[in-house]
Each structure stands twice: as structure tokens, then as C-alpha cells.
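Observations on the three-dimensional arrangement
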Amino acid sequence: MRFRLLGPVEAWEGERQIPLGGAKPRALLTALLLDPGRTVPVERLIDAVWGERSPATARPVLQTYVASLRRSFEGAGMANVIVYDRVGYLAEVRPGELDLQIFERLVGEGRQAVRETRLSEARENFRAALALWRGPALGGISDSFLRTEAARLDELRITVIEERIAVELTMGQAEQLLDELTELVALHPARERLRRDLMVALYQAGRQADALTVYREGRQVLIDELGIEPGPELRQTHEAILRSDPTLLAPVRRRRPRQLPSPPADFIGRGEELATLRTVLTQPDAMPICVISGAGGMGKSALALRAAHEVAEHFPDGQLHIELRGTSDAPAGPEEVLGRLLRELDPATTRLPVTLEERVGRYRTLLASQRKLVVLEDAAAEAQVRPLLPGGSGCAVLVTSRNRLVGLAGASFVELGVLPADTAIDLLARIAGRDRVAAEHQAASDIVRLCGQLPLAIRIAGARLASRRQWPLARLLSRLADERHRLDELTVGDQQVRAGISLSYAHLPSSARTALRRLGLMGLPSFPAWVAASALETSLSEAERILEHLVDVSLVDVEGVDPSGQLRYRLHDLIRLFARERALAEDDAKTRDAVVTRVLGGWIWLVERINETAPPYLISVPATYRLACPVDAEVARSVVADPRAWFRGEQEALITGVELAAAMDLDELAVELTAALSCTAFGGHQYVFDDPFASWHRTLEAALSAARRTDNALGEAILLAGLGQLHYERDMYAESQAHLSQALLMFRAAKNIRGEGATLAALGASCREQGYLPEALRFLDRARELLADLDDASAMGHVRRLAGTVRVETGDYPGAWADLAEALSLFTAVGSRRGQGLTLRSMSLYHRARGELAEAEQVARRALAIFQSADDRLMAAYCERALAKALLRQGRFDEAMAPLRESLTVLRTLNDAFGEACTLRVLGELHLADGRLYQAKELLEDAVRIWEQQRATLFRARTLRNLAEVREALGDLAAAKTLKAEAMEIFRRYGAREYGELSL
């Protein structure tokens, strides 16, 4: 089916014309076809058929016309051409069936081709569109609003003719157009555009006089018929002909450079960045500037070229590509670049402008009103780029640089980071072979990780594998694993990761090079600005300035803000290795030792500040730290304000620092920092929740190795005591006592009273947990004697609290209360909230053992409030359990259940097996007291299993006693008797208070 409106209104099925009836049915169909696929209201259709004089019977008559047209279409096998839709009718027309739609599409494509200077294509589109016309539009229609539509379409046809002629004139076809233009001007004497084109065609044909005559005739027509003078365009053409302007003689041929290199065939990823670049570069009515920045080897050029090719069709006047050599020894100057560009853009010029300003002006003039994409690769600085920016709104500029170029006003910025792990593996597979990578996927993943997910490094690794087909991936992995030679391995042909980083390093000022070397030497996973200040022996503000410069040149990344509010920075792994190489090559050993000492000394000093405001709950050996090194006061305030957050953010850096000092045999430094950390809550659950024991163990083992290598006996003793405390925290009491016993002998040999006292206190705590109560008291009382003369209230409070808890276990209530009261007084005096909380919890146990349940509840709540306010989840869980047991003993079962469940959840989350077993036992007691015997039995048996694993015999006996009560309640009297007897024997052997209480 074909419908025709560009001439007489017709409908055709193949070669057969479909009868449409008289003028009125044709008018009805015309109104529907002018708005195909949309409902035309009945009132508008009536207006199209009858105009302003519609009869009263118009609506039913209109329906008969619709029925008549439908019969004609159905006779041609075309049902449902005219469809009723509530308020009117619509014509269902498929694409390509209506000549008006085809005409509009071809005209649109022609105009787009003109904008993109595809002139031959534009001419063909315009000619094809005009060939659809068979006479005046809507021929044979009635007198209605359709007359206006017909006039509009006829005007559109003349406009398209003018556009086609303009294209052909530009293509140099003036002589072929003379006859047509002469006829058109005669038919439309007042159309200035046609008259102008005829004048230009005559002038180009060498008929200047005729061209001037055409102007005079046209001027007279305009004056006579419209009473106006010719418009500015016609007048300007007349003046150009009068002065024989050579620009009218031939069409202007614009140079359309296509300079873009191909992007890498294995380009992958960067989807988000590509989308951003496409959006920015294709903004209408603007001159977008987009800067891609990132470290060397990050893939800036690959991304720029891919983006440039994807948007090239939006820049029909061409694409320019200029290498600025910003990281070379001889960066391209703006004058040099503009000289090359002017010769490319205007080859006819015989003399280049001399000054930079003149060249910039000429360059911007040539690009004015054009749509060109300018790609500037490897820019050094903003001053190198600014003279190369076009002045018009039709162009766009894409810049790559290792520097961020934040001084480019109005620019959009895309900062490239490393590839995501899965994308990086995919890139390796594309280069080295998918089958090989699939066969050794773990090795491929490790190779990508050791390449730091840097695109250049991955390409080099892939190229090496591709050139060595016989190599398994594991072989290259083993070669990359050695940090000392990794950069040597990442070399293939003329591509080297080291060389790329070296280019950036060479252009740094001296202070920035020094900073990079020293930060590389430290090897920290991330670091705050004060670390750089300590490494450089400079102020915090100067260190921040240097770091920001390194960020701007893409050698340092901003990782984010750590939990304590400090901005953290990081080095990419391969940049770190390069910087460490330079430190070993350019700095002597004394300088390197001093750098590490200042940085680790800063950490020691900050830990001291934490301990001043929140005294440690362990006894610190040594009491003071000789190597502490002050840092900025504002940094100290932020650390002290939230020590927990600071430890969490600094955890990996602290471990790395200790391991570095140990590797450099800076044994005293490693010992001091490890000891300082051990006496805070660093080694336990309180501050660091990501595998705290592993973190603590790494620092202790690294420092211990250094102390032994350098025969530092006192340091070895301090670290062995730390290992003993670590095993105590892990509920590994036998191992704890073994390490503490070694440390005790070494402290005694060194006559170090403080170390001996601290170790005795730790041995007392370990023995208490296993139920060795007399031994625990001997250790703790001896520790009190040794520490009495040291004037350390916090240390003495720690010993007195531990001794008080043991005396509660033995039933020595007067002695227990004396110890606990003194401990609370000492902790209050030094402001140790943690010490106060621990002591109050111990006092709750004291009151409960004496049956003073209201007091037990009260002090348990006070302790709980302290730990909740400190966000100390572990000790809060212990206090929840103490509170619950006081409630349980008062018969308040429902109130006791919630804190017990909360306590159990937290302790399991923190992997505290000892605390979990204690809580399971209390839950078992609760179920027993409330008559749920089988639930009680299950929970108590779970607790017994944990006590057996921990060899906590006394606690196991207490749980066996509870199980005996369950068995008795279940009627299994023999089993109950056996369990109770076993518990009693343990109470007797360990001197526990229960033996005396149960023997009465």
C-alpha cells in the first residue's frame, strides 16, 4: 500500500490505484494521513471535509464516507486502514507507505549530511526527496484548513530546493544550475535566496554584468510589490560581485583531518569512564574540555583514543591528534604545536604568524564555526594546553596527562584508577590466551594482583606469556613474587613499568622526590599526612602540600578519610617498589634508619597520649619510651578523641611498621612500638575487630626475631611477656604460662622489677582462669610487693583487682573487698574508666557470691553503662551476663533472658570461647530454675565441652554441679551423685569457696 499527498491525493496497491470517491472522502483521508497513527477528532474531520459550512447531518454523513473508504481498502486486501478510537479516527500507516513521511526523513538526513559536510550524500538525499513530488501538495482537496497545510508543504518544497542548490553551488556546479535557477527566479521573483544563488552562479560562470542585472531586477520587484529594500544577504552578495571578491569564484574546501591513531585492539573495561566522556564531549552548544589523568601505565591514551573514535561522527570537520611530550625531556611548546596545526589546517598559507598570540588567533579563526575534536596527549601543565583550546563552541578538547590540570577552567575531569580484578584478569586472558588463564585461574589472579591491576603491567605480563607459550602461568607468578625483582620482570620490548614511573619521578621537585622515596621505604598500605611530615622532618602543612603535588601528578592516591577523621594516602604497589628502589639507591643507611625511627616514634608518642587520657588496663614494660617522637598537636587531639577509630584505621600500617623495623634490625624501635601497642587494647577485641589476635601475633613475632638476632635480652623478655598475654586473651592458658615463665626468668636475670611484677600479675590472671587459685594469689601478692615502690597507681589497681577476684573465688570476702575497694580508688584517681568498669563488674561478682543480690545488680548496671558508653562490646557482654545472673538469683527470669541472649551473640561474634561458655552456663541455670530441664541440660553440656577444650577445670566443675542438679530433677539420681562428687573433688583440690559452702 502506498499513500500520496505530494501532489494529487492517491492510494495505490501495487500497480493498482484504489478508488477514493469524490472530493469529500479524499479530504477525510487527507486529514487522517497528515497525522498518521494518531487519533483525529470527529470535529476536526468535519472541519476538513466541509469547512465552516458543515450540515447538521455531518456526523452520520462522515461515517458513510469512512465506511466507503474502508470498503475500497478492504477490496484491495487492506483491512483496518481506518480505525475508530473513541473520539475520532486514525489511519494505520506502516513505515515507507506515506510519501510525506519519506520526504521528511530524506530531508532530515540531507540536512544532517550538510552539517557534517558530506555534500554528495546531502545532494542525493535532497534530490530523492524532491523526486517524490508530482504537483502541488494535497491536489484535489476541498476548501478547508487543508488549504493551509497544502501551502505549508509547498513552501517546504521550495525551501528544500534552495538547500539542494546551495549544496550544489558549494560543490562547484554553478553552470549546471543556471537554467534551473533562472526558471525558479522567474516563478518566485521575491525569494531572495534563489536570486542570490542565481547571482553567484552567473558570477562563477564569468557573467558578472548579468549577475548585477539580476540584482537590480530583484530590487525593483521588492520595492514595487512589497515596498522593501533587499535583505542584508542579497546586498552583501551584490557588493562582493561589485568588488570582484575571489571567495565567490570557487567553493570553499575545508580540510577535514583524520589524525586519530587506532585504540588498542584489546581495550577492555572503563565503561563508566567512557560513558562520562561521551556525554561531556558531545554537549551541544558548548566547547567541552575533558581531562583524563592518572599514573603512568593506567591506560589514559587507550581510553582517550577509544572515546575519541566513539564520538568522531559528532565532529564532521575532522579530528586532530597532538603529542605534547609532557613527560619527556623536551615537552612540545605551544608555538611549535600551533605551527604544525596551522600548516595542517591552512596548507595554502605561505607565512606562519610569528608570535604566540598571532598563532593562537589564526588557529582559533580557522576553527571558528567548525566542529573538530582536538586530542592533546601527554600534557605537562595547564600553560601548555591553554593556547591550544579552540575559541568556538562547536569543537571539543580531550586531554591526557599524568597531572590533574585542575587549573583548566571549565574542564571536566576523569581520574583513572586501576582495573577491577575481574576486568584485569580478562585483559590478561585476551593477551596471553583464554585457555591458559582458565587452566590456571588462581595463578592468573595472583599475577594480576602482583601487577597491581595496572593496565600497562598486565599488558607486559600478558605479552611475556604470549611470547613464551611453553611457560605455565605459575612460572611467571613465581618470578613476580619477589618484590626485589618485580619491576625487572615487568619489561617487554620497549615497554617498561619502571621507565614509565621514572619519567614522572624525574620531573618532580627535590622535596617531592625525597618524600616519594621515604614513603616507598616505609612500604605502608596507607598513611596520614603526619607520617610524611615525620619522614621528611617538616611541618604538617608542608607535608600536605608535597602530598597534594604527588597526588596531582598521579604518584600518590587519596584513599579516603579514616575513622579518626584523618585524610589517608597510598602508593600503588609498583610505584612503592620503584620508590623503595630509589631510596636504597639514593639514601644512605643512616638516613633510612632515621626515617623509620621518626615515623615509628610518632606512633609510640601517640600511644602514650592515648594512655595519658585512658590509662592502660595492663602493666606497661617499659614505663617510658625512649624513642617516642612528637607529632602535630592537632593530630594528637584527633587520635585521643577516638582511639578506637584510630587503631582501626592504622592497624595494617602499625603492623607493617613493626615488621619493617624488625627487618632493618632496628630492634629497640620494634620492641618499643610492640610493647606500647600490647599495653593498649590493640591486641584484644576492644579496638581492632579484624582478626585481632593475628595482628598482635605478627608484631610480637617480628619484633622478637629482631631482638634475638641482636641479643636484646630485655627486649626478648618484654616480647615473651607479650606473647604470654596474647595466649591468655586467646584462652590458651598453658601456652600463656609457658611464655610468661620464660619472660619472668629473663626479667629477674636483668633485675627489671617492673617487668617481673607485670609478668607475675599476668601469671596470676592465667592461673585464676584455670582455677589454680592458691597459685594465682601467690603470683599476685608477690607482684603487689614488687610494684609497691614504683608509684604506678594504674599498675597497682590492675594487680589489686585481679587479687580481689581470686579471693572471691576462695571465699575470702574481707580480703576480696579490701582489694577491690583499693583497686576502684586507684583507677578513679588516675581516671581509668576501663579499670573502674572492670572493678565494678568484679564487685558485682563479690556481692552475688555473698547473696547481696540488689547490690550485685546495681554495680553490674554501673559497669555496663561504662562499657556501653565506651562502645566496648566485649566487656559490655561480660557485664550483661553479670547483670543477668544477679537477676536470675532474684527469680526475675524474664528480665534475665534478654541480656543473656545479647551477651551470647556478641561473644560468639568476637570468638570469645571462655565468655561463651560462661554465658551458656548461666543460660543453663536460667532454664533449670524455670523448669526447662532438657534445654538446661543441652546448654550446660555445651559449656562443659568448651571448658574441657580450654582445660578450665574449676569452671568445668561448677558447670558439672549444675548438671548434677538437672540430672536429679530428671530422676537420674545415680548420674547426679557421680557428677556432684566429681565437682566436689575439684573444688577441694583447687581450694574453691564452693567446697566449703557445699560441705556445710
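Predicted, not measured: the structure shown is a model, and the values here were computed from it.

1. Remarks on the environment of Arg-784
- Along the chain, Arg-784 falls in helix 35 (residues 773-787).
- Spatially, the C-alpha atom of Arg-784 lies 41 Å from that of Phe-527, the residues being 257 residues apart in sequence.
- Once residues within four sequence positions are removed from consideration, Arg-784 is found in contact with Met-796, Val-799, Arg-800 and Asp-819.
- Separated by 3.3 Å, the side chains of Arg-784 and Asp-819 make a polar contact.

2. Examining the pattern of salt bridges
- Summed over all chains, the structure comprises 75 salt bridges.
- Asp-792 is the salt-bridge partner of Arg-754, the closest N and O atoms lying 2.4 Å from each other. You can see Arg-754 sitting in helix 34 (residues 753-770) and its partner Asp-792 sitting in the loop between helix 35 and helix 36 (793-810), a full 38 residues away along the chain.
- Classification of Asp-792 as partly exposed rests on a relative accessible area of 22%.
- The salt bridge partner of Arg-782 is Glu-785, with a shortest N-O separation of 3.1 Å. Of the two residues, Arg-782 and Glu-785 both sit in helix 35, 3 residues apart, roughly one turn of that helix.
- Residue Arg-782 is classed as partly exposed on the basis of its relative accessible area, which comes to 35%.
- Three or more residues are tied together by salt bridges with common partners; here these are Asp-781, Arg-784, Arg-800, Arg-807, Asp-812 and Asp-819.

3. Quick look at the nonpolar core
- In this structure, Ile-447, Val-497 and Trp-603 are the most contacted members of the largest nonpolar core, which totals 229 residues.
- A per-element tally of this core places helix 40 (residues 873-889) first, with 11 residues.
- Those residues in contact with Trp-603, other than ones at most four positions away along the chain, are Leu-524, Trp-530, Trp-646, Glu-650, Ala-653, Leu-654, Gly-657 and Leu-673.
- Ranked by size, the runner-up nonpolar core spans 80 residues in total, among them Val-9, Ala-48, Trp-50 and Ile-165.

4. A look at the pairing of strand 5 (residues 82-85)
- Relative to strand 6 (residues 88-91), strand 5 runs antiparallel, the two sharing 4 bridges. Note that in strand 6 the partner of Val-83 across the bridge is Leu-90.

5. Focus: the sheet that holds strand 3 (residues 16-17)
- Taken in spatial order, the 3 strands of this open sheet run 1-2-3, and their pairing is antiparallel. A strand with exactly one partner marks an edge of an open sheet, and here the two such strands are strand 1 (2-4) and strand 3.
- The sheet contact formed by strand 1 and strand 2 (residues 10-13) spans 3 bridges and is antiparallel. Note on strand 2: the bridge partner recorded for Phe-3 is Ala-11.

6. A few points about a nonpolar patch on the surface
- Where nonpolar side chains cluster on the molecular surface, the patch consists of Val-558, Val-561 and Leu-567 and spans about 240 Å² of accessible area.
- Within the element layout of this structure, Leu-567 appears in strand 16 (residues 567-570).

7. A look at the packing of aromatic side chains
- Under the counting rule described, the total for this entry stands at 14 aromatic pairs.
- The interplanar angle of 70° and the centroid separation of 5.3 Å between the aromatic rings of Phe-914 and Trp-947 together place this pair among those described as edge-to-face. Of the two residues, Phe-914 is situated in helix 42 (residues 913-929) and Trp-947 in helix 43 (residues 933-950); the sequence distance between them amounts to 33 residues.
- Look at Phe-914 and you get buried, because its relative accessible area is 8%.
- For Trp-947, a relative accessible area of 1% gives the class buried.
- Ring-pair connections join several aromatic residues into one group, and the members of that group are Tyr-813, Trp-817 and Tyr-846.
- The aromatic ring of Trp-471 is capped on one face by Arg-468, whose charged end is 5.2 Å from the ring centroid.
- One Lys or Arg, Arg-958, reaches over the ring of Phe-955 and ends 5.4 Å from the middle of that ring.

8. Overview of helix 8 (residues 192-204)
- The terminal C-alpha atoms of helix 8 lie 18 Å apart, and with 13 residues this matches the ideal 18 Å at 1.5 Å per residue to within 8%.
- With respect to burial, helix 8 is a largely interior element, 10 of its 13 residues being buried.
- Among the residues making up helix 8, those that are buried are Leu-194, Arg-195, Arg-196, Asp-197, Leu-198, Met-199, Val-200, Ala-201, Leu-202 and Tyr-203.
- Tucked inside the fold, the buried residues of helix 8 contact helix 6 (146-170), helix 7 (174-187), helix 9 (208-226) and helix 10 (232-242).
- Gly-206, located one to two residues past helix 8, shows a positive phi value of around 85°.

9. Thoughts on the sheet that holds strand 10 (residues 396-401)
- The strand order across the open sheet built from 5 strands is 8-9-10-7-11, with neighbouring strands paired in parallel fashion. Bordering the open sheet on either side are strand 8 (319-323) and strand 11 (412-415), each of which pairs with just one other strand. Here the average twist between neighbouring strands, direction ignored, is 15°.
- Inspection of the sheet shows strand 7 (residues 289-293) paired to strand 11 by 4 bridges, in the parallel sense. What sits directly across from Cys-290, in strand 11, is Ser-412.

10. Regarding the environment of Ser-842
- Take Ser-842: it is sitting in helix 38 (residues 833-849).
- Residues Ser-842 and Val-859 lie 17 residues apart in sequence; the distance between their C-alpha atoms is 9.0 Å.
- Beyond its immediate chain neighbours, meaning those up to four positions away, Ser-842 contacts Arg-801, Thr-805 and Leu-820.

11. Topic: helix 25 (residues 540-552)
- Given a rise of 1.5 Å per residue, 13 residues ought to cover 18 Å, and the 18 Å separating the end C-alpha atoms of helix 25 matches this to within 8%.
- Of the positions making up helix 25, those classed as buried are Leu-540, Ala-543, Ile-546, Leu-547, Leu-550 and Val-551. Each buried residue of helix 25 lies within a common arc of 145° when the element is viewed along its axis, so the set occupies one face.
- For helix 25, the secondary structure elements touched by its buried residues are helix 23 (510-522), strand 14 (527-528), helix 24 (529-536), strand 15 (557-561), strand 16 and helix 28 (633-641).
- Count one or two residues on from helix 25 and you reach Ser-554, which has phi positive near 65°.

12. What about the confidence of the model for the chain?
- Per-residue confidence for the chain gives a mean pLDDT of 88; residues scoring 70 or more make up 96%.
- Note that residues 682-689 has pLDDT below 50 and, in this model, 36 contacts with residues that lie over four places away or in other chains.

13. As for the packing of helix 16 (residues 421-432) against helix 19 (residues 455-467)
- Where helix 16 meets helix 19, the axes come as close as 8 Å, and the angle between the chain directions of the two elements is 30°. Helix 16 and helix 19 meet at a crossing whose hand is right-handed. Across from Ala-424, Leu-427, Leu-428, Ile-431 and Ala-432 in helix 16, the residues of helix 19 making contact are Pro-455, Ile-458, Arg-459, Ala-461, Gly-462, Ala-463, Leu-465 and Ala-466.

14. Topic: unusual backbone geometry
- Look at Leu-138: it is not a glycine, yet its phi comes out positive at around 60°.
- Looking at the secondary structure, you find Leu-138 in the loop between helix 5 (119-130) and helix 6.
- A residue is classified by how much of its surface remains accessible, and Leu-138, at 1% relative accessible area, is buried.
- Of note in this structure, Arg-270 is not a glycine but carries a positive phi near 60°.
- Tracing the backbone shows Arg-270 in the loop between helix 10 and helix 11 (271-281).

15. Describing the side chain of Thr-805
- Relative to the helices and strands, Thr-805 resides in helix 36.
- Since its relative accessible area comes to 9%, Thr-805 is described here as buried.
- Residue contacts for Thr-805: discarding those within four places in its chain leaves Arg-768, Leu-820 and Ser-842.

16. Observations regarding the environment of Asp-47
- Along the chain, Asp-47 turns up in helix 2 (residues 42-50).
- For Asp-47, a relative accessible area of 30% translates into the label partly exposed.
- Each C-alpha atom, one on Asp-47 and one on Ser-144, is 6.7 Å from the other, the two residues being 97 residues apart in sequence.
- Setting aside chain neighbours within four positions, we find Asp-47 in contact with Glu-52, Ser-144 and Phe-145.

17. What about the state of the cysteines?
- The tally for this structure, following the rule as stated, stands at 0 disulfides.
- We note that Cys-879 lacks a disulfide partner, and the nearest cysteine sulfur, in Cys-918, lies 13 Å from it.
- On the basis of relative accessibility, which here comes to 1%, the residue Cys-879 falls in the buried class.
- Among the residues examined, Cys-918 registers a relative accessible area of 11% and is labelled buried.

Rules behind the numbers
- Residues numbered from 1 in each chain as written.
- Predicted model: local features only at pLDDT ≥ 70, side-chain atom pairs only at ≥ 80, totals over all residues.
- Heavy atoms only, no water.
- Helix = DSSP H or I, 4+ residues; strand = E, 2+ residues; numbered from the N terminus.
- Contact = heavy atoms within 4.5 Å.
- Polar contact = N/O pair within 3.5 Å; in protein donor to acceptor, adjacent residues only side chain to side chain.
- Salt bridge = Lys/Arg side-chain N within 4 Å of Asp/Glu carboxyl O.
- Buried < 20%, exposed > 50% of the residue type's maximum accessible area, 1.4 Å probe, protein only.
- Core = buried A, V, L, I, M, F, W, Y, C linked by side-chain atoms within 4.5 Å.
- Pairing = 2+ DSSP bridges.
- Patch = residues over 30% accessible without salt bridge, like charges linked within 9 Å, V, L, I, M, F, W, Y side chains within 5 Å.
- Areas by Shrake-Rupley, 256 points an atom, 1.4 Å probe, with all protein chains shown as cover.
- Phe/Tyr/Trp six-rings, centres within 6.5 Å; stacked < 30°, edge-to-face > 60°.
- Lys NZ or Arg CZ within 6 Å of the ring centre and 35° of its normal.
- Expected span 1.5 Å × (residues − 1).
- Axes fitted to C-alpha atoms, helices over the stretch in contact; angles between N-to-C directions.
- Arc of directions from axis to C-beta.
- pLDDT = per-residue confidence, 0-100.
- Left-handed = near helix turned anticlockwise from the far one by under 90°.
- Disulfide = S-S within 2.5 Å.

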